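This is what each chain is made of:
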Amino acid sequence: MRIDNLKGRLYRGVLAATAVALSLTGGRALAQGAPTPPSQARDLAIGVCGTCHGVDGNSTNPMFPRLAGQHAWYIEQQLKEFRDHTRGDPYAVAYMYGMASQLSDPTIDALAKYFSRQKTGPGKPHPAAEVAEGNKIFHQGIPSQGVSACATCHGPQGLGSKMFPRLAGQHAKYIMKQLQSFQGDMPNVAVMHGVAATLHKAEMRAVADYAASLP
Ligand code: HEC
Ligand code: HEC
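All of these numbers come straight from a predicted model, not from anything done at the bench.

K.L.:
How should I be thinking about the packing of helix α6 (residues 128-140) against helix α10 (residues 201-213) in this particular structure?
P.N.:
The relative placement of two packed helices comes down to the angle between their axes together with the axis-to-axis distance. Put simply, α6 and α10 touch, their axes get as near as 7 Å, and they point 90° apart. Overall, the two elements α6 and α10 adopt an arrangement that is roughly perpendicular. Judged by residue contacts, E130, V131, E133, G134, N135, I137, F138 and H139 of α6 engage E203, R205, A206, V207, D209, Y210 and S213 from α10. Within the contact of α6 with α10, the residues separate by chemical class into six nonpolar, four polar and five charged.

Pasting the structure below:
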């Protein structure tokens, strides 16, 4: 199936699901200020976000980042950046701007907690040679190109913390796409723009494969 067809179908389906989910809440709990009950966040996560990200945040399609075990603070920030239109990759514009525009701060908070508490799947095997090269870049950086070790911020196991997103078990294709965007300065993220600036494509792929293979 062509990805465009899939995208169109998914998007129409999801827009309908969002309308239903939001009307079920009666708008009340989505008002700014009122805390969103965890059960309502779970329904929204399963019924709406789950269509793309997987009901437990372990999406299978690499176009949709895994959210399971991601840090709540990071998820919250990203959702606010989609809502404020400050994170603007084409996929973010196409998929997440509409989603996030419907979310109040308390709902964002509750959704972030829901996904951060989901169990992560095991890492996925990737070609051994790339994983070995990626391992080296992840832990030592590439001093001759001024690339910092990823582990410094994302942790030795790629688990991250608070503002540093978890990379372990994330889809390699998504990591790769993000690195290319950071290099192109699209999401305006100064730290990662600096890190990715001199990375070659093969190096990005190696480090993405390594991170994706981590449990
Ligand atoms: C129609 C598909 C779709 C739906 C439904 C959807 N998302 Fe997304 N989401 C995406 C795509 C695609 C991206 C990747 C954007 C990019 O490439 O920059 C994304 C990215 C994200 C990110 C950033 C993750 C990261 O690692 O940086 C978060 C957080 C997120 N979505 C949360 C949600 C939540 C919460 C919901 C439900 C309210 C939701 N999404 C519903 C498609 C979707
Ligand atoms: C100095 C700290 C620092 C270093 C070193 C660093 N990162 Fe990051 N990285 C960050 C921060 C902070 C973010 C979150 C940016 C944001 O808020 O969007 C991030 C985000 C990312 C993302 C996006 C994740 C997602 O879910 O969308 C990827 C992929 C990534 N980094 C990969 C790497 C790789 C690979 C390396 C090593 C080559 C690396 N980073 C080195 C700080 C760092």
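Now that the structure has been shown, the text picks up again.
K.L.:
Looking at this structure, I do not really get the coordination of the iron atom of ligand 2. What am I missing?
P.N.:
Each protein donor to the iron atom of ligand 2 is listed here as H154 (NE2) and M192 (SD); together their distances run 2.0 to 2.2 Å. What the six donor atoms of the iron atom of ligand 2 show is an angle range of 84 to 179° at the metal, which sorts the shape as octahedral. Pair noted here: H154 is in helix α7 (residues 151-154) and M192 is in helix α9 (residues 190-196), with a separation of 38 residues, a long-range link. Residue H154 shares its accessibility class with M192, and that shared class is buried.

K.L.:
So what exactly am I meant to see when it comes to the nonpolar core here?
P.N.:
Soluble globular proteins tend to bury their nonpolar side chains together. Ranked by internal contacts, the top residues of the largest apolar core, which has 25 residues, are F138, L179 and V207. Of all elements in the fold, only α6, α8 (172-183), α9 and α10 reach the threshold of two or more residues within this core. Top element by residues in this core is α10. It accounts for six residues. Listed in part, the 21 residues of the second largest apolar core include L67, M99, A100 and L111.

K.L.:
It is not clear to me how the site of ligand 2 should be interpreted in this structure. Could you clarify?
P.N.:
Taken together, the neighbourhood of ligand 2 is formed by 22 residues, with C150, C153, H154, Y174 and M192 sitting nearest. One of the side-chain nitrogen or oxygen atoms of Q78 is found 3.3 Å away from an oxygen atom of ligand 2. Between H154 and ligand 2, the recorded distance is 2.8 Å, taken from a side-chain N or O atom to a nitrogen atom. Counting only elements with at least two residues in the shell around ligand 2, the list comes to α3 (72-83), α7, α8 and α9. Here the shell around ligand 2 takes five residues from α8, the largest share from any one element.

K.L.:
Is there a simple way to think about the coordination of the iron atom of ligand 1 in this case?
P.N.:
Each donor-metal-donor angle would ideally measure 109.5 degrees in four-coordinate tetrahedral geometry, or 90 or 180 degrees in six-coordinate octahedral geometry. All of the protein donors around the iron atom of ligand 1 are H53 (NE2) and M96 (SD); their distances to the metal are 2.0 to 2.2 Å. Of the residues examined, H53 reaches a relative accessible area of 10% and is grouped as buried.

K.L.:
Looking at this structure, I do not really get the site of ligand 1. What am I missing?
P.N.:
Around ligand 1 there are 24 residues in total, and C49, C52, H53, M96 and K177 lie nearest to it. Within the side chain of Y74, a nitrogen or oxygen atom sits 2.7 Å from an oxygen atom of ligand 1. The separation between an oxygen atom of ligand 1 and a polar side-chain atom of R87 is 2.8 Å. Those elements giving two or more residues to the shell around ligand 1 turn out to be α2 (38-53), α3, α4 (90-101) and α8.

Reading guide: rules and limits
- Residues numbered from 1 in each chain as written.
- Chains lettered and ligands numbered in written order.
- Predicted model: local features only at pLDDT ≥ 70, side-chain atom pairs only at ≥ 80, totals over all residues.
- Heavy atoms only, no water.
- Axes fitted to C-alpha atoms, helices over the stretch in contact; angles between N-to-C directions.
- Helix = DSSP H or I, 4+ residues; strand = E, 2+ residues; numbered from the N terminus.
- Parallel < 35°, antiparallel > 145°, perpendicular 65-115°, else oblique.
- Contact = heavy atoms within 4.5 Å.
- Nonpolar A, V, L, I, M, F, W, Y, C, P; charged D, E, K, R; others polar.
- Donors = N, O, S within 2.8 Å, 3.2 Å for Na, K, Ca; no water.
- Tetrahedral: all angles 85-135°; square planar, octahedral: opposite > 155°, others 65-115°.
- Buried < 20%, exposed > 50% of the residue type's maximum accessible area, 1.4 Å probe, protein only.
- Core = buried A, V, L, I, M, F, W, Y, C linked by side-chain atoms within 4.5 Å.
- Near = heavy atom within 4 Å.
- Polar contact = N/O pair within 3.5 Å; in protein donor to acceptor, adjacent residues only side chain to side chain.

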